[in-house]
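Close look at the chain arrangement
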Amino acid sequence: MIRRINKVAVIGSGIMGSGIACHFANIGVEVLLLDIIPRELNDKEKAKGLSLEDKVVRNRMVNDHLAHALKSKPSPIYHKDFAKRISTGNLEDDLHKVKDVDWIIEVVVERLDIKQKVFEQIEQYRTPGTLITSNTSGIPIKFMNEGRSEDFQKHFAITHFFNPPRYLKLFEVIPGPDCKQEVVDFLMNYGEQFLGKNSVLAKDTPAFIGNRVGIFGIQSLFHQVKELGLTVEEVDKLTGPVIGRPKSATFRTVDVVGLDTLVHVANGIHENCPDDEAHDLFKLPDFIQKMVDNKWLGSKTGQGFYKKEVDADGKKTFLTLDLDTLEYTPSKKTSFPTLELTKTIDRPIDRFKVLVSGKDKAAAFYRKNFAALFAYVQNRIPEISDELYRIDDAMKAGFGWENGPFEIWDAIGVEKGIELMEAEGLSVSSWVKDMIANGSESFYSVKDGATYFYDIPSKKQTKKPGQDAFIILDNIRKTNEVFKNSGVVIEDIGDGILNVEFRSKMNTIGGDVLAGINKGIDLAEKDFQGLVVGNQGANFSVGANIGMIFMFAVEQEYDELNMAIKYFQDTMMRMRYSSIPTISAPHGMSLGGACELSMHADKVVAAAETYMGLVEFGVGVIPGGGGSKEMALRASDLFRKGDVELNVLQEYFLTVGMAKVSTSAYEAYDLGLLQKGKDVVVVNRDRQIAEAKKHALILAESGYTKPVKRKDVKVLGKQALGMFLVGTDAMEASHYISEHDKKIANKLAYVMAGGDLSEPSLVSEQYLLDIEREAFLSLCTERKTLERIQHMLKKGKPLRN
């Protein structure tokens with residue numbers, strides 16, 4: 001029987017419960033969110049004369065929790081309308097409704113007695129065969145299983161989401177003792193395919209995989225920091241992006257999550273893992289205990305390892321906790337010679353060998369830290385997992401690490417890792433020794449585009465399961481390369497489809513990238529069926545690197561500048577008007593020129609987490625790579641549907657003029673940057689390139705024909721231009737915008753109105769591109785524009801257009 005999930009019930013509406021409910025709503029599932037009823041009226045309810053029997057009172061807790069979640073930043077929901085998929089209720093009046101759902105998820109307080117009581121109540125109404133899972137982060141499932149019916153036990157597992165559920169990809173599945181294998185398989189697949197997660201099968205051990213290793217790493221660091229004489233700022237410098245970890249690194253992350261949360265998990269591991277060889281590390285250092293006693297828990301209490309003070313003039317000062325004196329001092333910038341050596345190394349995975357080879361205290365920290373990590377994870381097999389890749393997957397998906405522990409060990413070298421461990425007096429496990437003795441020199445290998453891992457029982461490299469739905473560019477880049485320059489690699493991804501992968505810094509679009517796109521189209525038109533433009537970097541692209549434009553403008557090389565902009569425009573038009581289908585696969589930041597590229601593709605296959613926008617106003621220009629033209633064209637297409645023309649055009653104008661950026665791919669539809677009925681969204685980014693390839697094939701096999709260039713774009717001329725100019729005059733007069741902002745807005749208005757034509761007219765795309773380019777070039781000569789760009793250069797910010 002094929003199991004389908006159309007409706008879920010989430011029991012418990014706290015931060016996690018509401019977050020889980022929102023994420024199921026994100027993927028189109030109907031959600032019933034339930035919580036307890038309040039025991040007394042609040043002041044507002046008393047003032048209104050309400051009683052404890054009124055429905056609004058009985059549902060107050062669940063509604064307040066959900067409303068708070070929906071207002072939180074970053075948002076748990078892809079689009080505000082998706083919240084309508086969530087209905088609320090309480091456990092006394094509405095629990096009977098669980099009989100109609102396909103999956104019940106328990107997310108109540110972490111107390112076994114309360115969970116058992118909730119399960120007992122659920123059993124009264126649950127339909128046999130319905131999935132039932134708990135989001136517990138530490139209570140053994142064997143205890144929750146006790147006293148339940150046979151059918152309940154067969155369909156019972158832990159499904160552990162990480163907070164916030166929308167953004168963190170880890171989805172740990174821990175089967176109950178009697179859980180059916182088909183249920184486990186379903187949950188693992190559903191997490192990947194529908195929820196967009198990295199599903200990790202874990203054992204019923206304290207803190208499972210992610211928190212067991214993650215909390216060890218933090219606790220280990222707590223104990224090391226004083227020994228090595230490191231400050232809070234120094235540790236965060238060493239444990240952030242330089243090693244492929246989040247910007248919040250260690251101490252800022254603890255402040256955000258809450259020190260009390262970390263302490264709760266650490267205490268649980270300390271109490272429940274007496275045989276752990278690192279048992280003493282889970283005991284809190286004195287300075288941590290004092291912080292807990294002082295209620296210095298992080299953001300929730302206003303201070304933790306960091307503290308922000310605001311003086312009477314509104315000036316902000318950021319302070320850092322001195323771990324010796326427990327006093328706050330002004331934050332200081334830090335630097336280390338070892339880190340300087342890695343500045344020319346783009347990928348964190350390639351930095352690790354350098355980081356452990358230095359001679360300063362940063363290198364000493366890395367050697368000690370990685371030695372402890374390697375020793376710990378090797379000993380967790382088979383305790384928390386039988387396969388080493390699950391540990392890596394959990395750390396990457398749950399803690400935002402770019403590389404897992406065994407991947408880092410591989411990068412340093414297995415023998416070198418052993419050397420680091422032995423230098424710290426740490427033992428090497430027998431299975432690692434066996435691996436080396438059997439001739440395996442690494443934990444991972446790549447064969448025929450697939451990742452293999454060292455399987456301990458068989459003592460050989462085994463294909464990692466679940467890869468068939470993915471195309472992993474790192475695995476095929478060398479073997480499937482068709483063309484390469486400094487900006488792109490073009491890969492053959494099979495079945496007659498090419499992929500153009502950006503490889504420039506931050507995937508910015510410069511001359512080499514544009515040349516690579518044109519080359520990809522040339523190759524595809526000659527010998528292939530279609531083209532995908534996609535990559536698997538942190539972001540699709542922050543846009544065009546306009547440092548070159550700045551140089552042309554400063555040197556007054558206006559002919560070269562005109563040619564550069566025209567080359568960008570022409571490349572975008574080739575994306576639209578070629579004889580093969582082109583697919584753009586944006587994800588993460590997809591700004592400026594990257595947004596323009598996607599808007600000119602035949603189809604966009606966007607990751608749900610795509611932050612798309614035409615942000616050129618920020619650097620003092622208008623979209624000059626076809627974006628201004630395209631927004632006028634898309635507005636024109638809506639004119640035909642009977643919408644009020646000036647209102648539609650104004651909406652599109654404001655999207656550009658206010659540099660609006662979508663907070664998800666679904667919001668990009670509202671902004672007119674994605675098109676309903678044409679472009680699609682995928683929740684799991686790992687599947688995105690494969691999905692884009694599939695759509696390229698569908699278009700090719702359905703008889704794709706090169707489109708005819710548009711000459712029917714309706715522009716409104718002076719009618720629209722007058723409206724826009726009046727608006728910008730009023731905005732300047734009211735001091736909402738500066739004189740220079742008004743100048744930029746007026747240039748955009750001129751383009752989107754189609755110039756100062758005396759009456760509405762039909763024009764070609766090329767006409768709009770020409771006036772767009774003219775407007776862009778004129779703004780590049782403005783002193784204020786050049787000052788903005790220069791300011792961004794000095795700040796070291798990415799220049800995006």
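Quick look at the structure, then.

Rules behind the numbers
Residues numbered from 1 in each chain as written. Predicted model: local features only at pLDDT ≥ 70, side-chain atom pairs only at ≥ 80, totals over all residues. Heavy atoms only, no water. Helix = DSSP H or I, 4+ residues; strand = E, 2+ residues; numbered from the N terminus. Rg over C-alpha atoms; globule rule 2.2 N^0.38 Å. Buried < 20%, exposed > 50% of the residue type's maximum accessible area, 1.4 Å probe, protein only. Areas by Shrake-Rupley, 256 points an atom, 1.4 Å probe, with all protein chains shown as cover. Pairing = 2+ DSSP bridges. Axes fitted to C-alpha atoms, helices over the stretch in contact; angles between N-to-C directions. Patch = residues over 30% accessible without salt bridge, like charges linked within 9 Å, V, L, I, M, F, W, Y side chains within 5 Å. Salt bridge = Lys/Arg side-chain N within 4 Å of Asp/Glu carboxyl O. Lys, Arg positive; Asp, Glu negative; His and termini not counted. Charge placed at Lys NZ, Arg CZ, Asp CG, Glu CD. Polar contact = N/O pair within 3.5 Å; in protein donor to acceptor, adjacent residues only side chain to side chain. Contact = heavy atoms within 4.5 Å. Phe/Tyr/Trp six-rings, centres within 6.5 Å; stacked < 30°, edge-to-face > 60°. Lys NZ or Arg CZ within 6 Å of the ring centre and 35° of its normal. Expected span 1.5 Å × (residues − 1). Right-handed = clockwise from strand over helix to strand, strands pointing away. Core = buried A, V, L, I, M, F, W, Y, C linked by side-chain atoms within 4.5 Å. Parallel < 35°, antiparallel > 145°, perpendicular 65-115°, else oblique. Left-handed = near helix turned anticlockwise from the far one by under 90°. Arc of directions from axis to C-beta. Nonpolar A, V, L, I, M, F, W, Y, C, P; charged D, E, K, R; others polar.

Some words on the overall build of the chain
In terms of helices and strands, the chain carries 33 helices and 25 strands. By the compact-globule yardstick of 28 Å for 801 residues, the chain fits well, its C-alpha radius of gyration being 29 Å. If one aligns the C-alpha atoms of the chain with their principal axes, the spans along those axes are about 80 × 70 × 65 Å. A burial count over the chain gives 54% of its 801 residues as buried. Of the roughly 34,900 Å² of accessible surface on the chain, 51% is carried by carbon and sulfur atoms.

Topic: the sheet that holds strand β16 (residues 488-492)
With mixed pairing, the 7 strands of this open sheet are ordered in space as β15-β16-β17-β18-β19-β21-β23. Only two strands of the sheet have a single partner each, and these edge strands are β15 (481-484) and β23 (680-682). On average, each strand axis in the sheet is inclined to that of its neighbour by 20 degrees, with strand direction left out of account. Bridge count for β16 against strand β17 (residues 497-502) is 5 bridges, and the pairing is antiparallel. Paired with Ile 490 across the two strands is Val 500, which belongs to β17.

Considerations on the sheet that holds strand β11 (residues 328-330)
Sheet architecture is open: 3 strands sit in the order β9-β10-β11, paired in antiparallel fashion. Strand pairing shows two members of the sheet lacking a second neighbour, β9 (306-310) and β11, which therefore form its edges. Taking each pair of neighbouring strands and ignoring which way they run, the sheet shows an average axis angle of 40 degrees. Here β9 pairs with strand β10 (residues 316-321) via 5 bridges, running antiparallel. Residue pairing across strands places Lys 307 opposite Leu 319, the latter belonging to β10.

Topic: a negative patch on the surface
Where like charges cluster on the molecular surface, the negative patch consists of Glu 555, Glu 557, Asp 559 and Glu 560. When you line up the elements, Glu 555 lands in the loop between α23 (547-554) and α24 (558-576).

A short note on the side chain of Ser 75
Within the fold, Ser 75 resides in the loop between α4 (60-71) and β3 (86-90). From its side chain, Ser 75 meets the backbone nitrogen of Ile 77 in a polar contact 3.1 Å long. When near neighbours in sequence (up to four residues on either side) are disregarded, Ser 75 contacts Arg 166 and Tyr 167.

What about the pattern of salt bridges?
Applying the stated rule across the entire model yields 58 salt bridges. Put simply, Glu 106 and Lys 115 hold a salt bridge, and the shortest N to O gap is 2.5 Å. Overall, Lys 115 belongs to the buried group, its relative accessible area being 1%.

Thoughts on the packing of aromatic side chains
Inspection of every chain in the model, using the stated rule, returns 36 aromatic pairs. When the ring of Phe 24 is compared with that of Tyr 190, the centres are 6.4 Å apart and the planes differ by 20 degrees; the resulting orientation is stacked. Of this pair, Phe 24 sits in helix α1 (residues 15-26) while Tyr 190 is found in helix α8 (residues 181-193), placing the two residues 166 residues apart along the sequence. Assigned by exposure class, Phe 24 and Tyr 190 land together as buried. Taken together, the ring pairs connect Phe 352, Phe 365, Tyr 366, Phe 370, Phe 374, Phe 406, Trp 409, Trp 431, Phe 443 and Tyr 454 into an aromatic cluster. A cation sits over an aromatic face here: Arg 3 above Phe 186, 5.8 Å from the ring centre. Directly above the ring of Phe 152 sits Arg 148, whose terminal nitrogen or CZ lies 5.7 Å from the centroid.

Considering helix α17 (residues 388-399)
An α-helical turn contains 3.6 residues, so any two residues separated by three or four positions project in the same direction. The end-to-end C-alpha distance of α17 is 17 Å, a good match for the 16 Å that 12 residues give at a rise of 1.5 Å each. With 10 of 12 residues buried, α17 lies mostly within the body of the structure. For α17, the set of buried residues is Leu 388, Tyr 389, Arg 390, Ile 391, Asp 392, Asp 393, Ala 394, Met 395, Ala 397 and Gly 398. Gly 400 sits one or two residues past α17 and shows a positive phi near 75 degrees.

Some remarks on the pairing of strand β4 (residues 103-106)
Residues in a regular strand project their side chains so that they alternate between the two faces of the sheet. Neither face of β4 is exposed, since Trp 103 and Ile 105 on one face and Ile 104 and Glu 106 on the opposite face are all buried. As judged from the 4 bridges shared by strand β1 (residues 7-11) and β4, these two strands associate in the parallel manner. In the strand pairing of β4, Ala 9 is matched with Ile 104. Pairing of β4 with strand β5 (residues 131-134) involves 4 bridges; the strand directions are parallel. Paired with Glu 106 across the strands is Ser 134, a residue of β5. In the classification by handedness, the crossover that spans β4, the intervening helix α5 (residues 112-123) and the parallel β5 is right-handed.

Focus: the nonpolar core
Counting residues in hydrophobic clusters, the biggest one holds 109 residues, and the most contacted among them are Ile 11, Phe 305, Tyr 366, Phe 406 and Trp 431. By residue number, the principal contributor to this core is helix α16 (residues 361-379), which donates 11 residues. Counting 92 residues, the second-largest nonpolar core is a separate cluster that includes Phe 186, Phe 550, Val 713 and Ile 789.

Structural notes on the packing of helix α26 (residues 627-639) against helix α31 (residues 739-752)
Put simply, α26 and α31 touch, their axes get as near as 9 Å, and they point 50 degrees apart. Taken together, the axis directions place α26 and α31 in an arrangement best described as oblique. By crossing handedness, the relation of α26 to α31 is classed as right-handed. Residues Ser 628, Met 631 and Ala 632 of α26 form the contact with α31, whose participating residues are Leu 748, Val 751 and Met 752.

Details of helix α12 (residues 259-272)
Relative to the 20 Å expected for 14 residues at 1.5 Å per residue, α12 spans 20 Å between its end C-alpha atoms, a close match to the ideal helical length. Within α12 the residues assigned to the buried category are Leu 259, Leu 262, Val 263, Val 265, Ala 266 and Ile 269. Angular distribution of buried residues about the axis of α12 spans 165 degrees; they occupy a single face of the element. Of the exposed residues in α12, the ones pointing more than 90 degrees away from its buried face are His 264, Glu 271 and Asn 272.

Focus on the environment of Tyr 558
On the secondary structure map, Tyr 558 appears in helix α24. When sequence neighbours within four positions are dropped, the list of residues in contact with Tyr 558 reads Ala 553 and Thr 781.

Focus: the packing of helix α19 (residues 414-423) against helix α20 (residues 430-437)
Viewed as axis vectors pointing N to C, α19 and α20 meet at an angle of 145 degrees, and their least axial separation amounts to 12 Å. The chirality of how α19 crosses α20 is left-handed. Across from Val 414, Glu 415 and Ile 418 in α19, the residues of α20 making contact are Val 432, Met 435 and Ile 436. Per-class residue counts for the contact of α19 with α20 are 5 nonpolar, no polar and 1 charged.

A few points about unusual backbone geometry
The peptide bond linking Lys 73 to Pro 74 adopts the cis configuration, its omega dihedral lying at -5 degrees. Positionally, Pro 74 belongs in the loop between α4 and β3. Here the residue pair Ile 381 and Pro 382 is connected by a cis peptide bond, since its omega of 10 degrees sits within 30 degrees of zero. Positive phi, close to 70 degrees, is recorded for Ala 207, a residue that is not glycine. Inspection of the secondary structure assignment puts Ala 207 in the loop between β8 (198-201) and α9 (210-225).

Let's talk about the pairing of strand β2 (residues 30-35)
Within β2, 5 of the 6 residues are buried, which leaves it mostly tucked inside the rest of the structure. In this sheet, β2 lies alongside β1 in parallel orientation, the contact comprising 5 bridges. Each bridged residue has a counterpart across the sheet, and for Lys 7 the counterpart in β2 is Glu 30. Once you follow β1 into α1 and on to β2, the crossover reads as right-handed. Across 5 bridges, β2 lies against β3 in parallel orientation. Its bridge partner lying in β3, Leu 34 is registered against Gly 89.

Let's talk about the environment of Val 183
You can see Val 183 is positioned in helix α8. Judged by relative accessible area, which is 1%, Val 183 ranks as buried. In this view, Val 183 contacts Leu 131, Lys 154 and His 155; residues no more than four positions away in its chain are not counted.

Structural measurements only, silent on function.
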